[in-house]
Structures are given as C-alpha cells and as structure tokens.
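Chain by chain, the residues:
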Amino acid sequence: MTNLTFPRGMTRRGLLKGGVALTAAGLILPAHMALAQTEPKKGGVFRVGIGHGSSTDGYDPGLWDQLFVQTFAAARHNYLIEIAADGNLVPEIAESWDSADGATWVFRIRQGVSFHSGKALTPDDVVASLNHHRGDASTSAVKPYFDPVTDIRVDGQNVVVTLNAPNADFPYLMSDYHLPVMPGMDGKIDPASTDGCGGYIVESYEPGVQATLNRNPNYWKPDRAHFDQIVLLTILDPAARLNALMTSEVDTIDQVDPASISLLESRGVARILSISGNAHYCFPMDARAAPFTDNNVRMALKYAFDRQELVDKILAGHGSVANDNPIGPANRYFFAGMEAKAYDPDKAKFHLKEAGMDKLEVTLSAANAAFSGAVDAAVLMSEKAAAANITITVDRVPDDGYWDNVWMKKPFCASYWGGRPVEDQMFTTAYLSGASWNESFWSNEAFDKLLVAARSELDDAKRRGMYQEMQRLVSFEGSTIIPMYNNYVMALANTVATPEKVSNNWNLDGFRCVERWWFA
Amino acid sequence: MTGLWRMIGQRLLLGMLTLFIISVVIFGATELLPGDLARELLGQSATEETLAALREQLGLNDPAPVRYWNWLTGVLQGDFGLSMATQKPISELVGARLGNTLFLALYAAALSIPLSLLLGVLAALWRNSVFDRASNALALTAISFPEFFVAYILILWLAQTGLFPSMVRITGATTTGDLLYSAFLPALTLTLVVTAHMMRMTRAAIINLLASPYIEMARLKGMSPMRVVLRHAVPNALAPIINVVALNLAYLITGVVVVEVVFVYPGLGQLMIDAVTNRDIPVVQAIALIFAAAYVLLNLLADVLSTVTNPRLMHRT
C-alpha cells in the first residue's frame, strides 16, 4: 500500500507539458489512502520527529526560520488567515476581510476567542502582533512585508491596514507563519511568551530537544486539533529519525532520505507521503559578473545539463523538473505551458557561439548546506555540460558559514527556496532589482514594471497573463538555474490518518499536521 | 599529609592558569570563525537592516578585547552571562545538559570500568590463553569501529528487535529507572568504545609487575595465582590504571557528540555544536571551559589518587 502518493501518470513532464489543471496539482492522494476517508477521531499522543531545531531557537515569531519552530507555532498559535489544503485562503482569527481599492484592507476579527491564559482576544492584540514586525527596531525576518504599510489601526471589531499602494495579495501575506496572533500589552506583544489561541497549550519546551503540548480544552474550532497531546522532537540525524519511526518512538518524520525510501516501504511499518509544492533547488549566477553578464552564456548553461537526471538521482524521483521557474505547480498562476528546456548540448553550443565563445569555463561553488545532494548535483551538471564544451569546476565549500561566505558572494553557487504561496512574494523577495535576497543580482526593467503593475491589477485574467510573462522573463532571461522542484517527503506510521488533501504550501501539511491529522 | 595538600593546592592553581590560557585560546579561535551570530540567527532570508539592528542589540559591534574582558570578569563572579541567541542565562542552558552528560558518562563508566578491570586482570592472569586472545581481539575490534557504526549495529540488533529504545527522551517525568533503561544503548556504545584502552592498560601493568622479584617471592610462598594478582600485583598497578581511567572519564564527558546525535541524547556536545553553528560565542566559551575543567580536575584526581595508593610517593617528603 505504500506507493508514492504522487500518481505516476501525473508526474514531472506531465505537469510541464500537458498543462494539467494545476490548482489541483499538489494533491495527489490516490485511492490507497482509504485511511484518509474515515471521520477524524479524538485522542492519542502524536509524536513528530523533525530534522530541524537547535538550542538557540526561541519564541520570538520574527526569528522563526525552520520546520521545528514553524510546526511548534502552528500547534499553539492561530493566524489571521489560514491557507487551506487546496491553496485557498480561509478565515481563522479574521472572520472576513475586504478591500475596496486594494490599498486599504479591513480584517473583521472573530469574537469569542480566548488565549490560553484566559484573556479574550481583541483587535488590539492583532495590531500589537503585527506591529512587532514593523519599524526600524524590529528584527523580524518579514519586516519587508510591512514596508508598504503606512498605518494599522483598530476600528470597532475591525483591524484596518493601509498600504501606500494597492496589493491584491496582501491577505496572503497575513497568512505567513511569522505572524501569529499573540496577546498584546500596552500595544506590544511579549516575544518570549508561549501564550496563543491555538489548539494546544505548551506544557514544556526545551529548545533543540523537544516540545510537549496538551490539547486546549477551550479551542474555538470544534473540528480541529484531534490529539490529546503533541510531542515534537528534534532528531537531526536522518538515520536516527528513520530508526525512531521504525521502532515506534515517533509517529511521523519529515525529510526522509531519498535513498532509504524503498527500504522503509519494504518494512511495512510506515507509508511515504510525497507532496509536490513550490520548494525548489537552484543555482544562481551573479548577473553582474563576467561571463554571466551575457544572457547567451546563461542560456548555454541552462541547456547544458540534464534536469530529469537530477530529479532521478538527487531526489530519487521525489520531485519534478523545473524550467528555471521559481513559481511552482502549487502556485495559482503557474505557467505550465512554457517551452521546456531539455538537455541539448547543440543548443548550448549555439548560445555559446552567439556569445562569441567556443568554450566556457566556470566554477560552481556548492555545499550540502544549500540542499541535501547539492555537491552531487554540481558534479552531475559538470559531467553533462562537458558535451557542450562547458567546463564546470566544482568547488566544494564547507557547510559551516555557507550563507555568509558563499551565497551571494561567489558568482555561481547552489541555493534553495521553500517556495512562496504567492507569486508576488517569491518575485519581490528574490527577483526584483535590488531586493535584499536577489541572489543572482539580476535586474530587468520590464520585469520590475510588470511586478509592480500586477500587484494592483484586480482583473484575474489580466493578472494571470502578467505573471506568466514574468515567469517567461525569469526563465529565459533570468540569471538563476532552477532545475527541479523538490517534493516534501514525509513518512507516517500506519496509525496516522490525514485528510484527503494534504497542503502543499509548506512541509508537514503546511505545518498544520498537528491540527489537521488524527489517529485512525 | 601536608605535602599532599600542598600538592593539591599547587595543582589547582596551575589548573586555573591552564583554564585562563584556554579561555584566551577559545576566544581567539571563535573570533576566527567566519560568519556572525546575527546572520545565523535570522537565517538566509535576513536583510541588511534587520541584521544591523540585531547586531547593535546584542553588542556585537564592540571590539573583541572589550567583549573578552566583559565576559571574563563575569565568569570570575560566577556569572557566565546570557546566551546571545536566546537571551537566557547560560548557567540554565548548560546546567540541565551538563547533568545529562554526566549521567551518561557515569553510566558508561559504571559499565566499562568494572568490565575492563575484570577483563584486564583475568587476561593478565591467563595470559596468552584463548580467553586472553579473544577478549583482546573483541575489545580491539570494538574500539576500531567508528562510534556511529557501533551505535547503528547496536540499534539494528537491540533496538529494532524491540529490546531497547533507539532514542532517549528526557522530560520532567523521567525517572532514573526509565533513564537507565532508555540510555542503555548509548552507554553500551560508549562502553564498547572505551573498554579496550582501560583493559589493555590493566593487563599490561599487571603483566609488567608479574615479572618482579617480589611476585616471584609470593609465588614461592605457595600463594594461589589469583591471590598473587589481587593482593600483590594490583595495588602496585593502580597508578597507571587510575590514569587511564581518568583519561577515559574525561573523554566520556567531552567527546561523545556523535553518540549523542545518533541516540538523540540531549547532552553538552550537541549544545556546543548548536552554539558553534549559531556563533553563540558565550555558550561556546562556557562549554569549552567546562570541558577543559573536566580534564584538569580528572587529571588532578588521578594524580592525587595515584599518590595516595603509592606509599613510596606518600612518604617521600
């Protein structure tokens, strides 16, 4: 029963070539998931082994950056808006939201919700929670989201957010995992507090080791948070994680090593959940540094290696070929019909000739800190590129300090993105000229104009056209090689049941496995 | 007796000096690490502005000697300061982990020291016998494998068959009994790793003595071989044995990070790795000092004990 949950007929090339209905594309659960059809049952202790977590983790929402703290947050907190498993926005603390012009957003705050401490949730708490990420003194990672925000105020039971320019996607940003609603005091939240209004109350937390939470008896959602207790465990070693699952020390693990998937399946104690989302592995080239200044050189490199081989060997098939497009199949405006780039040494040579070269020598810096298998991927690329007269020298650099010393410092290196649920978020974060995390230093005037214009375009068909054009620009003129989307690969004990649809916007059912799953 | 106390006092002072020098070395080494705490804390997706704000907040902009001095004066007053990453007192962070590490070290020592002494004495007694060769070969095999390999083999044999858990969970409700059961595999792994060293030293020290004239005398008196070894050889072999036991104890406290990772054991080693990768310098310094202190103290203890067990050294003044 433990086949991939990604049906064979719909994989990879199918997605790219066929233009399958992509809103449904993440999802993925075929008939063998009979378990998932049963009604949720209450009870049990749900133990999750997570391959992240460090003794330096904390409660400050602005600093959260990995799966352990994200899942821990989803267990104890609620957000203004939730991204449902099908990718649509659904109300959470905000009962409804509306905007007449795209610049002034009104969120109606739910009444009758209380924090674990017993304090009733008010719109003031929401304002305090959002303001934690605003202002010069804020150290929040999502501070840039609030740069366009000119005002946040309470209006009766509403919270009104004013932007300096229309942004049709603003509610999507409010679903970000950094933005839980926490209790405010004099307009500020206490970033060291565990208090939230989520489905579970923190019993104990030892950063880098474990967190234990008990069900919140007063939780306002009747059909969520089915477990009596949640135990989140940091298990960094992939083999230890697998052992923990096989010896029933935990019920679910994330990041299953692709090499051990078939071994795990043959044991019959667990099943694999492989979810295709927007997460992708990439190789940014510094568009300001020769020879990458010439788009022909970039195109030559894009044609010079075998994407399918990377998916098969680096991801063991748990992923799909990407067409240098950071917008993934789980995005609303994913451009599925874009002309694919197959491995084609002749085309690569053609582009080299256009650039006035007959051979090319570049150095690719890689470490497995960028993604698991990055060094192997670089070696595979260099093997294949040789046929196109391109010599890629693989510079294996240390994991430690990779993001400081290599990423955005060396002209050609490996990187990864968790993907973003909103196209604008992804592009603004990493492709807009001069953006702080524009890792390829790519700058394209047409792209920048389109990006700003698309934000305030409220006509859906027109927006789709604009986003498709932007994807084409990034793919064919951009300076980032994106060969593959990597699936979220989890392993679940046979006792664990999931809803029919498992979210693909983030790992572990959009971090919400703790709230959405149950024991069959 | 005063001579002994004087020696302990001298050693303690020298130990303090060693620790001071080590603290300078550690601080210098951590300064050489690339990258900075603010970047590690905020991750790949941090912008320059947020980085600058956090650096200012944490006092990372002060020059290195100033930061070292502030830290050292704090430590001398018993205050290790706050962790830069979590803003929690380091004593609190380190305290629980140190307890776990000491527990595992003592557990492994309680298994391995009697085992290796017993095996060592028996191997000396029956030297060149099948028993001697077999125990030597087994101990050397165990020490020759990397720790993680021994650990995985034990998991395969003893955890996947359901006899022992493959990972250790320590919560407030964990009793010592539970802990002894769940930490058995890591303790056994460490036992296998350290036994060979102690056992072979015991065997060598005793065999060395068995050639001495006074042992010959004891034999000629008609004593049983066991009595010869236990009453006459072992007391004189204690000094080298104590030294090697102390070294291995220090290793059990400071060098078990691989075993901690494989068995998900929340010990000091893992905390130190976290601190290094996050550039949480005060935590690194505190743990490094603890490790250094463990070596200094255990060596001191070994010296004192070998003096006490040797009347010739005790009455030398």
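Up top is the structure these notes are about.
Here goes a summary of the coordinates provided. Bear in mind that the values here come from a model prediction, so they are computed numbers and not experimental data.

**Re the overall build of chain B**
Inference 1: From N to C terminus, chain B includes 15 helices and zero strands.
Inference 2: The C-alpha extent of chain B, read off along each of the three principal axes, is 85 × 60 × 35 Å.
Inference 3: Scored against the burial criterion, the 317 residues of chain B give a buried share of 48%.
Inference 4: A sequence separation of at least 24 residues applies to 73% of the contacts in chain B between residues at least 6 apart.
Inference 5: Of the roughly 15,400 Å² of accessible surface on chain B, a fraction of 69% belongs to carbon and sulfur atoms.
Inference 6: Averaging the positions of the 19 positive and the 17 negative side-chain charges in chain B gives two centres separated by 22 Å.

**So, the packing of aromatic side chains**
Residues and elements named next belong to chain A.
Inference 1: According to the stated counting rule, one finds 29 aromatic pairs over all chains in the structure shown.
Inference 2: Pairing tyrosine 59 with phenylalanine 72 gives two aromatic rings, centres 6.1 Å apart and planes at 40°, and the pair type is tilted. With tyrosine 59 in the loop between β1 (45–50) and α2 (67–76) and phenylalanine 72 in helix α2, this residue pair connects regions lying 13 residues apart in the sequence.
Inference 3: Centroid distance tyrosine 177 to phenylalanine 511: 5.6 Å. Interplanar angle 85°. Geometry classified as edge-to-face. Placement of the pair is tyrosine 177 in the loop between α4 (170–173) and β8 (184–185) and phenylalanine 511 in the loop between α15 (507–510) and α16 (513–516), with a sequence separation of 334 residues. You'll find tyrosine 177 and phenylalanine 511 in the same group, each marked buried.
Inference 4: Of the aromatic side chains, those joined through ring pairs into one cluster are Phe46, Phe227, Trp517 and Phe519.
Inference 5: When the ring centre of phenylalanine 72 is taken as reference, the NZ or CZ atom of arginine 76 above it lies at 4.2 Å.
Inference 6: Taking the ring centre of phenylalanine 476 as reference, the NZ or CZ of lysine 341 above it sits at 4.2 Å.

**Here's the deal with the interface of chain A and chain B**
Inference 1: Every contact between the two is made by 44 residues of chain A and, on the other side, 44 residues of chain B.
Inference 2: Here chain A and chain B share an interface that buries about 3,400 Å² over both sides, 54% of which is from carbon and sulfur atoms.
Inference 3: Among the residues chain A hides against chain B, the three largest losses belong to Ser55, Thr56 and Asp404 of chain A. Together they make up 16% of the total.
Inference 4: The tally of links between chain A and chain B comes to one salt bridge.
Inference 5: Its salt-bridge partner being arginine 97 of chain B, residue glutamate 206 of chain A comes within 3.5 Å of it at the nearest N-O pair.
Inference 6: Counting across the interface, chain A meets chain B through six residue pairs in polar contact (both at pLDDT 80 or more).

**Concerning the sheet that holds strand β21 (residues 488–493) of chain A**
Inference 1: Reading across from one edge, β10-β11-β12-β1-β13-β21-β14 (chain A) is the order of the seven strands in this open sheet, with mixed pairing throughout. The sheet terminates laterally at β10 (200–206) and β14 (270–275) of chain A, the two strands that pair on one side only.

**Topic: the state of the cysteines**
Inference 1: According to the stated counting rule, one finds zero disulfides over all chains in the structure shown.
Inference 2: Counting only cysteine sulfurs, cysteine 282 of chain A is the nearest neighbor of cysteine 413 of chain A, a cysteine outside any disulfide, at a range of 8.2 Å.

**Section: the pairing of strand β6 (residues 149–155) of chain A**
Residue and element names in this part refer to chain A.
Inference 1: Across six bridges, the pairing between β6 and strand β7 (residues 158–163) is antiparallel. Looking at β7, one finds that isoleucine 152 is bridged to valine 161.
Inference 2: In this antiparallel pair of consecutive strands, β6 and β7, the connection spans two residues, and glycine 156 shows a positive phi of 65°.

**Re the pattern of salt bridges**
Residues and elements named next belong to chain A.
Inference 1: The full count for this structure, using the stated rule, is 31 salt bridges over all chains.
Inference 2: Residue arginine 108 is joined to glutamate 95 by a salt bridge in which the shortest nitrogen-to-oxygen separation is 4.0 Å. Highlighted residues: arginine 108 in strand β5 (residues 104–109) and glutamate 95 in strand β4 (residues 94–98), separated in sequence by 13 residues.
Inference 3: For arginine 108, a relative accessible area of 35% puts it in the partly exposed group.
Inference 4: In this structure, a network of salt bridges that share partners links the residues Glu82, Glu92, Lys221, Arg224, Asp509, Arg512, Glu515 and Arg516.

**Focus on unusual backbone geometry**
All names here are of chain A.
Inference 1: Of the consecutive residues alanine 290 and proline 291, the connecting peptide bond is found in the cis state with omega at 0°.
Inference 2: Position of proline 291 among the secondary structure elements: in the loop between β15 (280–284) and α7 (295–303).
Inference 3: One non-glycine residue, serine 248, lies in the positive phi region at around 60°.
Inference 4: Tracing the backbone shows serine 248 in the loop between α5 (238–246) and β13 (252–253).
Inference 5: Within the chain, methionine 408 stands out as a residue other than glycine whose phi angle is a positive 65°.
Inference 6: Within the fold, methionine 408 resides in the loop between α11 (402–405) and β19 (415–417).

**Concerning α2 of chain A**
All names here are of chain A.
Inference 1: The element α2 is extensively covered by neighbouring structure, given that 10 of its 10 residues are classed as buried.
Inference 2: Listing the buried residues of α2 in full gives Leu67, Phe68, Val69, Gln70, Thr71, Phe72, Ala73, Ala74, Ala75 and Arg76.
Inference 3: Where α2 is buried, its residues contact β1, β10, β11 (210–215), β12 (229–234), α15 and α16.
Inference 4: Its side-chain oxygen at 2.9 Å from the backbone nitrogen of phenylalanine 68, glutamine 66 defines the N-terminal cap of α2.

**A closer look at the sheet that holds strand β20 (residues 480–486) of chain A**
All names here are of chain A.
Inference 1: Sheet architecture is open: four strands sit in the order β16-β20-β15-β19, paired in antiparallel fashion. Each edge of the sheet is formed by a strand with only one pairing partner; in this case those strands are β16 (319–321) and β19. Here the strands of the sheet are splayed against their neighbours by 30° on average, with no regard to which way each runs.
Inference 2: Across three bridges, β15 lies against β19 in antiparallel orientation. Paired with histidine 280 across the two strands is tryptophan 417, which belongs to β19.

**Regarding the side chain of threonine 202 of chain B**
Inference 1: In this fold, threonine 202 of chain B is placed in helix α9 (residues 184–210).
Inference 2: Here threonine 202 of chain B falls in the buried class, since its relative accessible area comes to 1%.

**Observations regarding the environment of alanine 192 of chain A**
Inference 1: Looking at the element boundaries, alanine 192 of chain A is found in the loop between β9 (188–189) and β10.
Inference 2: Alanine 192 of chain A sits 235 residues away from phenylalanine 427 of chain A along the chain, and the two C-alpha atoms are 32 Å apart.

**A look at the packing of helix α5 (residues 90–125) of chain B against α9 of chain B**
All names here are of chain B.
Inference 1: Running from N to C, α5 and α9 cross one another at 35°; their axes reach a closest spacing of 6 Å. Here α5 runs over α9; the crossing is right-handed.
Inference 2: Of the residues in the contact of α5 with α9, the class split is 22 nonpolar, six polar and one charged.

**As for the side chain of serine 440 of chain A**
Inference 1: Relative to the helices and strands, serine 440 of chain A resides in the loop between α12 (423–430) and α13 (445–456).
Inference 2: Each residue touching serine 440 of chain A, except ones within four places of it in the same chain, is listed here: Pro284, Met285, Asp286, Ala287, Ser479 and Thr480 of chain A.

**Some details on helix α9 (residues 345–354) of chain A**
All names here are of chain A.
Inference 1: For α9, every residue scored as buried is listed here: Ala348, His351 and Leu352. Angularly, the buried residues of α9 cover 105° about the axis, an arc narrow enough to put them on a single face. Turned more than 90 degrees from where α9 packs its buried face, Asp346, Lys353 and Glu354 sit exposed.
Inference 2: Against the buried residues of α9 lie α7, β17 (360–366) and β18 (390–396).
Inference 3: Of the residues trailing α9, glycine 356 is marked for its positive phi of about 80°.

**Topic: the packing of α9 of chain B against helix α11 (residues 225–254) of chain B**
For any two helices packed against each other, the geometry is given by the interaxial angle and the distance between the axes.
Residue and element names in this part refer to chain B.
Inference 1: One can describe the packing of α9 onto α11 by two numbers: an axis separation of 8 Å at closest approach and a directional angle of 150°. Taken together, the axes of α9 and α11 are roughly antiparallel relative to one another. Note on packing geometry: the crossing formed by α9 with α11 is right-handed. Packed against α9, whose contacting residues are Leu190, Val193, Val194, His197, Met198, Met201, Thr202, Ala205, Ile206, Leu209 and Leu210, the element α11 presents Val229, Ala233, Val234, Asn236, Ala237, Pro240, Ile241, Val244, Val245, Asn248, Tyr251 and Leu252 at the interface.
Inference 2: Looking at the contact of α9 with α11, its residues break down into 19 nonpolar, four polar and no charged.

**Examining the pairing of β17 of chain A**
All names here are of chain A.
Inference 1: Of all seven residues making up β17, five are buried, and the element is well covered by its neighbours.
Inference 2: Of the strand pairs in this sheet, β17 and β18 are connected by seven bridges, and their pairing is parallel. Looking across to β18, one finds that leucine 364 is bridged to valine 394.
Inference 3: Taken together, β17, helix α10 (residues 374–385) and β18 constitute a β-α-β crossover, and its handedness is right-handed.

What counts, and where the lines are drawn
Residues numbered from 1 in each chain as written. Chains lettered and ligands numbered in written order. Predicted model: local features only at pLDDT ≥ 70, side-chain atom pairs only at ≥ 80, totals over all residues. Heavy atoms only, no water. Helix = DSSP H or I, 4+ residues; strand = E, 2+ residues; numbered from the N terminus. Buried < 20%, exposed > 50% of the residue type's maximum accessible area, 1.4 Å probe, protein only. Contact = heavy atoms within 4.5 Å. Areas by Shrake-Rupley, 256 points an atom, 1.4 Å probe, with all protein chains shown as cover. Lys, Arg positive; Asp, Glu negative; His and termini not counted. Charge placed at Lys NZ, Arg CZ, Asp CG, Glu CD. Phe/Tyr/Trp six-rings, centres within 6.5 Å; stacked < 30°, edge-to-face > 60°. Lys NZ or Arg CZ within 6 Å of the ring centre and 35° of its normal. Buried area = accessible area lost by both parts, 1.4 Å probe. Salt bridge = Lys/Arg side-chain N within 4 Å of Asp/Glu carboxyl O. Polar contact = N/O pair within 3.5 Å; in protein donor to acceptor, adjacent residues only side chain to side chain. Pairing = 2+ DSSP bridges. Disulfide = S-S within 2.5 Å. Axes fitted to C-alpha atoms, helices over the stretch in contact; angles between N-to-C directions. Left-handed = near helix turned anticlockwise from the far one by under 90°. Nonpolar A, V, L, I, M, F, W, Y, C, P; charged D, E, K, R; others polar. Arc of directions from axis to C-beta. Parallel < 35°, antiparallel > 145°, perpendicular 65-115°, else oblique. Right-handed = clockwise from strand over helix to strand, strands pointing away.

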